[in-house]
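What follows is each chain in one-letter form.
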Protein chains: 4
Amino acid sequence: MKKKINIGLIGYGFMGRAHSNAYRRVNQFFDLDYEPVLKAACARKEDKLKVFAQNWGWKSIETDWKKLVGRDDIDVIDICTPNNLHHDIAIAAAEKGKIVFCEKPLAMNATEGGDILKAVKKTGVANLVWFNYRRVPAIALAKQIMNEDRLGRVFHYRAKYLQDWTINVDVPQGGATLWRLDADAAGSGVTGDLLAHSIDTAMWLIGEIDSVCAITETFVKERKLQEDPNTVKPVKIDDACAFLVKFKNGAIGTFESTRYARGRKNQNTFEVNGENASICFDLEDAHRLQYFDHGDDSHLQGWRSILVTDFEHPYMDHWWVPGCVIGYEHTFINALADFLMSLKTGEKYSPDIEEALKTQVVCDAVLSSAKNKSWEIVQYE
Amino acid sequence: MKKKINIGLIGYGFMGRAHSNAYRRVNQFFDLDYEPVLKAACARKEDKLKVFAQNWGWKSIETDWKKLVGRDDIDVIDICTPNNLHHDIAIAAAEKGKIVFCEKPLAMNATEGGDILKAVKKTGVANLVWFNYRRVPAIALAKQIMNEDRLGRVFHYRAKYLQDWTINVDVPQGGATLWRLDADAAGSGVTGDLLAHSIDTAMWLIGEIDSVCAITETFVKERKLQEDPNTVKPVKIDDACAFLVKFKNGAIGTFESTRYARGRKNQNTFEVNGENASICFDLEDAHRLQYFDHGDDSHLQGWRSILVTDFEHPYMDHWWVPGCVIGYEHTFINALADFLMSLKTGEKYSPDIEEALKTQVVCDAVLSSAKNKSWEIVQYE
Amino acid sequence: MKKKINIGLIGYGFMGRAHSNAYRRVNQFFDLDYEPVLKAACARKEDKLKVFAQNWGWKSIETDWKKLVGRDDIDVIDICTPNNLHHDIAIAAAEKGKIVFCEKPLAMNATEGGDILKAVKKTGVANLVWFNYRRVPAIALAKQIMNEDRLGRVFHYRAKYLQDWTINVDVPQGGATLWRLDADAAGSGVTGDLLAHSIDTAMWLIGEIDSVCAITETFVKERKLQEDPNTVKPVKIDDACAFLVKFKNGAIGTFESTRYARGRKNQNTFEVNGENASICFDLEDAHRLQYFDHGDDSHLQGWRSILVTDFEHPYMDHWWVPGCVIGYEHTFINALADFLMSLKTGEKYSPDIEEALKTQVVCDAVLSSAKNKSWEIVQYE
Amino acid sequence: MKKKINIGLIGYGFMGRAHSNAYRRVNQFFDLDYEPVLKAACARKEDKLKVFAQNWGWKSIETDWKKLVGRDDIDVIDICTPNNLHHDIAIAAAEKGKIVFCEKPLAMNATEGGDILKAVKKTGVANLVWFNYRRVPAIALAKQIMNEDRLGRVFHYRAKYLQDWTINVDVPQGGATLWRLDADAAGSGVTGDLLAHSIDTAMWLIGEIDSVCAITETFVKERKLQEDPNTVKPVKIDDACAFLVKFKNGAIGTFESTRYARGRKNQNTFEVNGENASICFDLEDAHRLQYFDHGDDSHLQGWRSILVTDFEHPYMDHWWVPGCVIGYEHTFINALADFLMSLKTGEKYSPDIEEALKTQVVCDAVLSSAKNKSWEIVQYE
């Protein structure tokens, strides 16, 4: 008999959907001791919330997150709100002894993130931050290759995360679906939203970042408000951000993100160049990993396009058959399965809030560097 | 309030899983009047069936398909058995007035298929054959492009369906998971299993096939039995099949399938060359469609790699956001949604048994042509 | 001191240019005992010939090929004329003891080709047929991989040669630059012009073809004449041709060629699937070879995209540096260098007229099969 | 009758070969008033020089460049020496009224480059710097697209130039073929050798760079000398360099180059993202340009892979037929043709020394920024 674990979800947007889907499906594909129960969904707009809860099978609803956090029948608080609420909810949840699931980025900034970490450490609750891309099978395979030490000394890392959905000046800011363009709700623009993913992946694969030097740009200087189209306000987020990196292990890196790269929809890429081998990934071809091995016979060396759908590839023995791909949503299911397995084994789930805070620290350093037009040493403590 | 539609599923293999998943998820992503209920799952091995039913939430089980077909609380019989059972089950289900869902290929041969069609026509039950690849968004986009008449006169069609999982001579034949290698259970090899998909897609896009000329080959002449490894028996299926085609509209085509194409996992491809434009697809890059438009400015003509994840692309407004792909399993969900919609609108679902029979007729002509080493005119009636 | 070898070239079209270029350049990139001298160019239109000869440095001109063949100061007759002249010129040249270079296809048909072979055998003159694509470094690498026996048993071969330049019905036929559309000058359409390349490559890599079954089509039934635009005549060539193949070693193959594949400019492709490895090539990415090796660690298997520009790759040590590609014209230079080397070593140059005749025999069988709508056993003797 | 233009070439290395080839071939493919004559080749090692001159048909040799520059029968001095000689030779040549051809980078630094510019301006001699990649047809097409203003406002530029040939620590430095690793001969490492190309292309397409912020790294700290393998010396060049850019038009950019990117042979790439369209190029697929046009019908938008081999593409009407690629060496021939045409028309050839100096100024700012760990405004005057 599986152990029930009661979920309380806050937020019913894009991430609310993706997480709901994960809770409903994980046990059909993974053999786990734990089974999530969709206990309660929470958001302020009751009418829309009801539709959402009905659709996904949430057993109850709340319109005040504090009430949800206060409920005894909830084991996990899953935070899918705009970033400006992460801090208060996560701390309240931790204080109540709830397991904390938090969407990325961890918080508005590292100070907030530090508070959260302190709170979860104090009560010792298990926790997870949804850097879901680590659970793309091809990215997990990249990690496996790094762990197998096939690259040797690493010289270079380069990451891009390019989109194009804000080029149109008529896209408004703020509101329910466009809070990512509102600095008050999001904290930052592409840095927190997209580069946080890139940084998380990079530090997972390569190790800690020593120092950064960044440039940011806001191409469209003002936008109307989504919820009040007659009001035009300055745009305070970073539309684009690029930075140079020195890793602690001596490798150097380049990172770039924008929502103004016409033709790039969700192009999250990275490349690692090592002494003996290289790896390259592009989320727009999510089920492939490119791999170059200098150990191959010299006349037959080439970038291998690995179709990451075989049973021996990470996660793929849980899904269909070789040649059949999984999609975006499965990254959340894979992550949830790993977390539920960690509950059983007692091993630390990664990335947790402690790791996510390091990513936040790097984000802060990036934004500070861009502001000061100077290199910044990343201060993790 | 949604109308419940009670499903009785026969077979718990690969397709049994894929369909179960579809029944559970379709209403969370599509706004439909109908809601499938996972009423009963049926298979002969009770112990394994129980595990399966538990996992997917089937409310009851049966070990005799005749009993399932006889139950009054079942609206749909979904046939996921080896091909040699399609005929009897489908006819029995139709006679009982059940909606018939049938995995492809329709039957062991066109004679059987004709019987099935007669049965469903007699009682007028709605029906569907799971040629799921029509619901790959990129393939649906190809159909849309054809419907928009962007290609003009069609000259060429070429299809491949390549896999490599039977090269190893130690792969056994027959049994629960390898019945596709047993001619008695499957009817044929790659022709019914893989080329049926290619033919279905081709006739959907281009129109009826006039005549064919084929070659088949069985590379590994004998294999041990999966359920009795000490017994070695001749292999009677076609390991590979290639054929030339003349379409009724004057286009010519090539088709090929094999399970001996080292390095190809599920490479289901097609290309259409028209007077004004061309289309190219590869299931191993399922979320992309290649499109060449001769109407582009001449110095800027090139094959466009369309990332089929935007809201305006077929089906994609039901899923996530642009740049986020869906996977193999979603083709079944999309198909099911279309069927449930057709129940409401009364429009014919496509492909139904009538269309699948035509594909079966072509498969028969292909096998006959290979046997007779001659061109065969396809006789649809 | 290099030995001079005096060339007499017949024809100043596309191939005349490509060969002239090869004669002028080969000694700058290859260390050879022989040095071609551009002794005489021959064609009927004196004014254009003079311009051509001047441009390329041909030392003299002739307007009658018989006179050229009769000259004592000519060592090599290089035939770049329409196909209907190959027979007479090659035989006359052989009878005069000249080395014979002949553009592909060898002749109008195998009967003519047999006459040519008889003539060159009689006088024992060295000879070459310009199947230049064998000297694409990536194709030569494919041959090397076959020679290294990395594939094991070969199951499949598939070749395409697709172009799109005759879709427009206003393209005329015949004349100086469009004789390839005139059956009287070319013998056949895509079969002799394009598939001859595909067949040559296939038999080089795989071995002899046992039998074929073909379909041909002429999409545009009549065209005006290039040299008399007011006259419209039936088109007698094959616009497209596809055929099935059984190789003598048991492999099966598919071949297709057309000039009606919108968007394909010079897409000469082949793929070989063997037990242990596969190879794939596309002339539109001429400097790459795709290679899949089942011997790679299982989680790291993938198609390698080999950039064939390293010093250890065929021919590339004669050219620039790794990463710097060569182009179309270099295939002729590489071929010429190999021939001149064979003059020194006495080894047979490949492909010579004897091999080219086999390709011609296959072409004839293909056309005959298409006409008779039946399989044909290829009769090489 | 063509006007002869007598070339004096200094240096017989990789570039000496590439230029010699260009001089010999340009008139066979371009209809020009001028014809280069390979008058004299110059280098210090007479024995090797003789072999080189013989191979390429240089009519005479010199072992002292000053003597060459002093010869009255020389019209052009073409400088293919290590970078530390560019300054003295170029100035001497200009003072003698010779046309100056100079390999890139222009000089060891901008100060030297400024001297050269002053000298050529003083005597008004025509001049050219061999940034050959501008004459890759696909890059020229990119420029054409920019000129046609298809992109609208430009947001982003990103360039990489990656190689991997110095990873092995046993590669020596200095000497005839490895002077690029010796800072005394080369001035810098990848910045002058590779990034100079990237910068030249970027400013040609986008306009002037306003400011830069760079990081450089030397991964292998010491290497033996090529000409004295028992001596090990510190490596003073930049093995890798990455920098951020702000363009004067407001676009932001990233640039990176290294010789430590395992698996990248000559991966010179750039991408431009504009409001309405984007462009992407990779020298390892030199004959293709990727183009995304937001003006395409929305469901058919995709990156077009333009095969730049049609007659309407830049330079390609001079070469073969559509689908037939040219290679690395042709970029020099195209450049030379353009220069010889400019002699006739009197239009300024681009890039000349004045433009190359701007690139040099940016290179200097990059190196200075890396040294000072700060942003640098580029000072062109």
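Now for a quick tour of the structure.

### Observations regarding the interface of chain C and chain B
Point 1. The partner chain B presents 42 residues to the 42 residues of chain C that form the contact.
Point 2. Each partner contributes to the roughly 3700 Å² buried at the junction of chain C and chain B, and carbon and sulfur atoms together form 59% of this total.
Point 3. Per-residue buried area on chain C facing chain B is highest for C:Ile215, C:Phe219 and C:Arg262; these three make up 19% of the total on that side.
Point 4. The interface formed by chain C and chain B contains 6 salt bridges.
Point 5. Here B:Glu271 ties to C:Arg264 by a salt bridge, and the two come within 2.9 Å at their closest N and O atoms.
Point 6. Our count for the contact surface shared by chain C and chain B stands at 20 residue pairs in polar contact (both at pLDDT 80 or more).

### Examining the packing of helix 1 (residues 14-29) of chain A against helix 1 (residues 14-29) of chain B
Point 1. At their nearest, the axes of helix 1 of chain A and helix 1 of chain B sit 12 Å apart, and the two run at 160 degrees to each other. In terms of their interaxial angle, helix 1 of chain A and helix 1 of chain B are classed as roughly antiparallel. Read as a crossing pair, helix 1 of chain A and helix 1 of chain B show a hand that is right-handed. On the side of helix 1 of chain A, the interface is formed by A:Arg17, A:Asn21, A:Arg24, A:Arg25, A:Gln28 and A:Phe29, while helix 1 of chain B contributes B:Arg17, B:Asn21, B:Arg24, B:Arg25, B:Gln28 and B:Phe29.
Point 2. Among the residues making up the contact of helix 1 of chain A with helix 1 of chain B, the classes are represented as 2 nonpolar, 4 polar and 6 charged.

### A word on the interface of chain D and chain A
Point 1. Contact with chain D, which involves 42 residues of that partner, is made by 42 residues of chain A.
Point 2. When the buried area of chain D at its contact with chain A is split by residue, D:Ile215, D:Phe219 and D:Arg262 rank highest and sum to 19% of it.
Point 3. Along the contact surface separating chain D from chain A lie 6 salt bridges.
Point 4. With its nearest N and O atoms 2.6 Å apart, the salt bridge here joins D:Glu256 to A:Arg158.
Point 5. Broken down by secondary-structure element, the contributors of at least two residues to the side of chain D that touches chain A are strand 7 (154-162), strand 8 (209-217), strand 11 (240-247), strand 12 (252-258), strand 13 (267-274) and strand 14 (277-282) of chain D.
Point 6. Here the side of chain D that touches chain A gets 6 residues from one element, more than from any other, and that element is strand 11 of chain D.
Point 7. Looking at the side of chain D that touches chain A residue by residue, the classes come out as 20 nonpolar, 10 polar and 12 charged.

### Quick word on the relation of the copies chain C and chain B
Point 1. Here chain C sits on chain B after a turn of 180 degrees about the axis and a move of 0.0 Å along it, with an RMSD of 0.0 Å. Read as a symmetry element, the transformation amounts to a two-fold axis. If distances are taken from each C-alpha of chain C to the rotation axis, the shortest is found for C:Ser374, at 3.0 Å.
Point 2. Interface overlap between copies: 100% of the residues of chain C at the interface are likewise at the interface in chain B, consistent with a symmetric, same-surface contact.

### Here's the deal with the relation of the copies chain D and chain A
What connects the two chain copies is a rotation about an axis and a shift along it.
Point 1. The transformation that overlays chain D on chain A combines an axial shift of 0.0 Å with a rotation of 180 degrees, and the residual RMSD is 0.0 Å.
Point 2. With an isologous cut-off of 70% or more, the 100% of interface residues of chain D that recur at the interface of chain A puts this contact in the isologous class.

### Description of the sheet that holds strand 3 (residues 60-62) of chain C
All names here are of chain C.
Point 1. Spatial strand order, 3-2-1-4-5-6: 6 strands in an open sheet with parallel pairing. Edge positions in the sheet fall to strand 3 and strand 6 (127-129), since each has one partner strand and no second. Across this sheet, the average inter-strand angle for adjacent strands is 25 degrees, counted without regard to direction.
Point 2. Where strand 5 (residues 99-102) and strand 6 come together, 3 bridges link them in parallel fashion. By the bridge assignment for strand 6, Cys-102 is matched with Val-129.
Point 3. Strands strand 1 (3-10), strand 2 (34-42), strand 4 (76-79) and strand 5 of the sheet are contacted by helix 1 (residues 14-29), whose axis makes an angle of about 150 degrees with strand 2.

### Structural notes on the pairing of strand 12 (residues 252-258) of chain B
Residues and elements named next belong to chain B.
Point 1. Within strand 12, 7 of the 7 residues are buried, which leaves the element mostly enclosed by the surrounding structure.
Point 2. Residue alternation in strand 12 divides its side chains into two sets, Ile-252, Thr-254, Glu-256 and Thr-258 and Gly-253, Phe-255 and Ser-257, and both sets are buried.
Point 3. By the bridge criterion, 7 bridges tie strand 7 (residues 154-162) to strand 12 in an arrangement that is parallel. Opposite Lys-160, over in strand 12, you have Glu-256 as the bridge partner.
Point 4. Looking at chain direction, strand 11 (residues 240-247) and strand 12 are connected through 7 bridges and run antiparallel. Bridged to Lys-246 within strand 12 is Ile-252.

### Comments concerning the side chain of B:Gln28
Point 1. Mapped onto the elements of the fold, B:Gln28 is located in helix 1.
Point 2. Judged by relative accessible area, B:Gln28 falls into the buried class, the value being 9%.
Point 3. Ignoring any residue separated from it by four or fewer positions in sequence, one finds B:Gln28 in contact with A:Arg24, A:Asn55 and A:Trp56.

The rules behind these values
- Residues numbered from 1 in each chain as written.
- Chains lettered and ligands numbered in written order.
- Predicted model: local features only at pLDDT ≥ 70, side-chain atom pairs only at ≥ 80, totals over all residues.
- Heavy atoms only, no water.
- Contact = heavy atoms within 4.5 Å.
- Buried area = accessible area lost by both parts, 1.4 Å probe.
- Salt bridge = Lys/Arg side-chain N within 4 Å of Asp/Glu carboxyl O.
- Polar contact = N/O pair within 3.5 Å; in protein donor to acceptor, adjacent residues only side chain to side chain.
- Axes fitted to C-alpha atoms, helices over the stretch in contact; angles between N-to-C directions.
- Helix = DSSP H or I, 4+ residues; strand = E, 2+ residues; numbered from the N terminus.
- Parallel < 35°, antiparallel > 145°, perpendicular 65-115°, else oblique.
- Left-handed = near helix turned anticlockwise from the far one by under 90°.
- Nonpolar A, V, L, I, M, F, W, Y, C, P; charged D, E, K, R; others polar.
- Least-squares fit on C-alpha atoms with pLDDT ≥ 70 in both.
- Pairing = 2+ DSSP bridges.
- Buried < 20%, exposed > 50% of the residue type's maximum accessible area, 1.4 Å probe, protein only.

Such coordinate-based values are descriptive only and should not be taken to indicate function.
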